[in-house]
Each structure stands twice: as structure tokens, then as C-alpha cells.
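The primary structure of each chain is shown beneath.
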Amino acid sequence: MSAAVSGNTGIMETPIATTTHAAVLHAPGASTGDRLTIEKRSLPPLRAGEVLIAVRACGVCRTDLQIVEGALPPHRSPVVPGHQIVGTVEARGSGVNLALGARVGVSWLGGTDGTCRFCHEGRENLCDAPQFTGYDVDGGYATRAIVRADFAYPLPDELDDVHAAPLLCAGVIGFHALRTASVQPGERVGLYGFGASAHLALPVLAHWGCPVYVATRGENHRAFAKQLGAAWVGGEAERPPEALDRAITFAPSGDVVIAALGALRKGGVVAINAIHLDRIPQFDYDSLLWGEREIRSVANMTRDDARTFLALAATIGIRPEATVFPLARVNDALRAVKDDSLNGAAVIAMDLAR
Ligand SMILES: [Zn+2]
Ligand SMILES: [Zn+2]
């Protein structure tokens, strides 16, 4: 045990435990096996600008699965995945303005350099030296995590722990995708794929008066989209009855991108919300892209996306579907995401034993 000194007040803060129970990835591989092992680890002392978070819940993202399976090359090994963290501030490094006990959310963008051209242009999602939570630094599949305070967002009371967690990546990046696609109020918007991210984008679109066209495989996802108010639902390769103004693709499949492109009006935009895509197949320029149709990629998120989306989620009452797993079943949660067997999101809820 050690005592932390607050840089703001000079007052000694409550001594804190410096251990965590964490789900650790030592070597990526197929998630059919249990890749993560629960281990008790000690945590380093806090540096300036950092906070120690007592984790209450952490959402499971498809990106975590890609890290665990090695589709994304390792950035740090071993690593604790998890980047949709809800927790409370348990201790603070110097120069931190968050209050002790504050309930905060932490997302995929865990830090930027603040100095590159993209940071200066307000496009910190494209930062040259980003720090991703649960990839470059240890994340939230743990009872405690250390994060940068300036990348932790105080959470509105309307959002409870389990239902706030999936908002932090799936929701925020889905919202960034709506912005990247330049969606305007009232426009016809296609969502290709209907997992954790898409089902959180739908209520935002409904709030903006946009009819939503959902193209997805899986009868249960189609029924879910209908239940949430989609104007049309169909298969991935099916053409919606009207031409779309915007489309966002969520599946890691280039075929889906081309299907979405085929549904656009002239001047329409497809935004690809996938960190990894199998390939882009050859396609016919004359019929699919000509007419100033555009394909854009969606990269990461900004803090403004997070703050704006979380406030919107609280105001319009976005409540994600969530299936809760204890930390001990984190590998089952990853497999459930892989199998696409859940409607909505998987969330790891920490028990109180730390
Ligand atoms: Zn930067
Ligand atoms: Zn994510």
C-alpha cells in the first residue's frame, strides 16, 4: 500500500490498493480456445495526468476479438484488452481535475500526442501517435485500470454502468461514422450489419428524423432492427426499395461495401466502419462510383464525438441491449461476439472482489 499525493491540493489522499485482477492476453490465437487468463497483477505508481479507475463494467468490442485473435498485430505483450470502461476514480496523479469517486467512461482513444498536424486541425482521431486503450496500454478487462484523465469522460447519471459501457466504443464510433458519412437530418440512411454499433446508431438517426434501412444477415438481427423502428430490413445483398443518401457498413467485408455502394443515389456516401476489411473486390466504376458517389473510411473517434454522443444518449434515452458476463467468463463473452449470437453488446461486469 502506498499513499497518493494530490497534485491539486497537496493533501494526502486515501491509501490505495495497487493490485488488479486482470484478463491477460499473452499470445494471440483462435478464440475457440481460452486466450485470456485471469491474473492478479500489481499496478505501477500513477504518473502526472493519470487516474486509477476502479472498473465497474467493460464492454466487449469486435476490435478486442481482433486483438485477441491476432487479426490486428500486437502493440504490447502481454496486454489487458478492453476499451469500453466504466468505473470510478480511485486515485489521481498530479495535475488531474477529476474528482475522487467520479464515475467516468474510457474509450478506444486513450491518448494522443496533441502536437501532430491532425491534433492541431481538430482531427485527433487521425493522430500520428495515438494510444489505444487495451492495445497500446492495458485496458478494462480488469478490476482496476490506469488511464489518462483527459481521456476519461464524466458519465451522466441517466446512464447506468452496464448500459453505458457499450456506448463508449460501439456507440461513440458509430456516432463518428454518422458524422463521417455527413448524415443530414431527414436523409435515408442504410446500416449494413446490425451488431453493437449499428443498433446504437439507429436511435440517433431516428432522433434526426432519418428513415433507416437495415441490411444484415441473420434473421434475429433483422427482427431486432424492425423492433427498433427500421423503415426497411433485408439481406446484405438485397437492394433497399429507395436509393440511399448515406450508408454505413459495419461488417468486415468488402462485398458488403460494394452492395452499399450499389444502393446509393448520385453524390451519396458509403462510410466503412471497420478497422479491418477482408478486401475490396473489383467493381464497375461506371455504374457504382461515377456520379460523385464516395467511399470513406471511419477511423477511431475524437473526444468531441464521445462527449456529444454521451450527452445525446442521456437526452434521448439510448439504452443498449446488453448481455452481462462476469470477468471469469471473459473468453465466453469474446466467443459470443465472434459468433454474433447476441442482440446488442456483451459487457463484462466486475464483481467487488479486487
Ligand atoms: Zn496527434
Ligand atoms: Zn471498440
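If you're wondering where the values come from, they're calculated on a predicted model, not measured in any experiment.

(A) Quick look at the packing of aromatic side chains. Applying the stated criterion to the full structure yields five aromatic pairs. When the ring of W108 is compared with that of F132, the centres are 4.5 Å apart and the planes differ by 5°; the resulting orientation is stacked. Here W108, found in the loop between strand 5 (103-106) and strand 6 (109-111), pairs with F132, found in strand 7 (residues 131-132); they are 24 residues apart in sequence, far enough to count as distant. Each member of the pair, W108 as well as F132, is classed as buried. Taking 6.1 Å as the distance between ring centres and 50° as the angle between the ring planes, the aromatic pair formed by F175 and W208 counts as tilted. Residue F175 is found in helix 4 (residues 170-180), and its partner W208 is found in the loop between helix 5 (198-207) and strand 11 (212-215); the two are separated by 33 residues along the sequence. Accessibility expressed as a relative area gives 25% for W208, which makes it partly exposed.

(B) Inspection of the pattern of salt bridges at higher detail. One pass over the full model with this rule turns up 25 salt bridges. Put simply, D161 and R103 hold a salt bridge, and the shortest N to O gap is 2.8 Å. Linking D161 in helix 3 (residues 161-164) with R103 in strand 5, this pair joins segments that are 58 residues apart in sequence. Taking the relative accessible area as the measure of exposure, D161 reaches 17% and is therefore buried.

(C) Just the coordination of the zinc ion (ligand 1), in detail. Taken together, the protein ligands of the zinc ion (ligand 1) are D113 (OD), C116 (SG), C119 (SG) and C127 (SG), with distances of 2.0 to 2.3 Å. Between the four donor atoms coordinating the zinc ion (ligand 1), the angles at the centre fall across 94 to 118°, so the site counts as tetrahedral. Going along the chain, you hit the donors of the zinc ion (ligand 1) in the pattern D-x2-C-x2-C-x7-C. Given the relative accessible area of 16%, C119 is considered buried.

(D) Structural context of the confidence of the model for the protein chain. When pLDDT is averaged along the protein chain, the result is 93, and 94% of the positions lie at 70 or above. Low pLDDT, under 50, characterises residues 1-12; the predicted model gives this stretch 23 contacts beyond four residues in sequence or across chains.

Reading guide: rules and limits
- Residues numbered from 1 in each chain as written.
- Chains lettered and ligands numbered in written order.
- Predicted model: local features only at pLDDT ≥ 70, side-chain atom pairs only at ≥ 80, totals over all residues.
- Heavy atoms only, no water.
- Phe/Tyr/Trp six-rings, centres within 6.5 Å; stacked < 30°, edge-to-face > 60°.
- Helix = DSSP H or I, 4+ residues; strand = E, 2+ residues; numbered from the N terminus.
- Buried < 20%, exposed > 50% of the residue type's maximum accessible area, 1.4 Å probe, protein only.
- Salt bridge = Lys/Arg side-chain N within 4 Å of Asp/Glu carboxyl O.
- Donors = N, O, S within 2.8 Å, 3.2 Å for Na, K, Ca; no water.
- Tetrahedral: all angles 85-135°; square planar, octahedral: opposite > 155°, others 65-115°.
- pLDDT = per-residue confidence, 0-100.
- Contact = heavy atoms within 4.5 Å.

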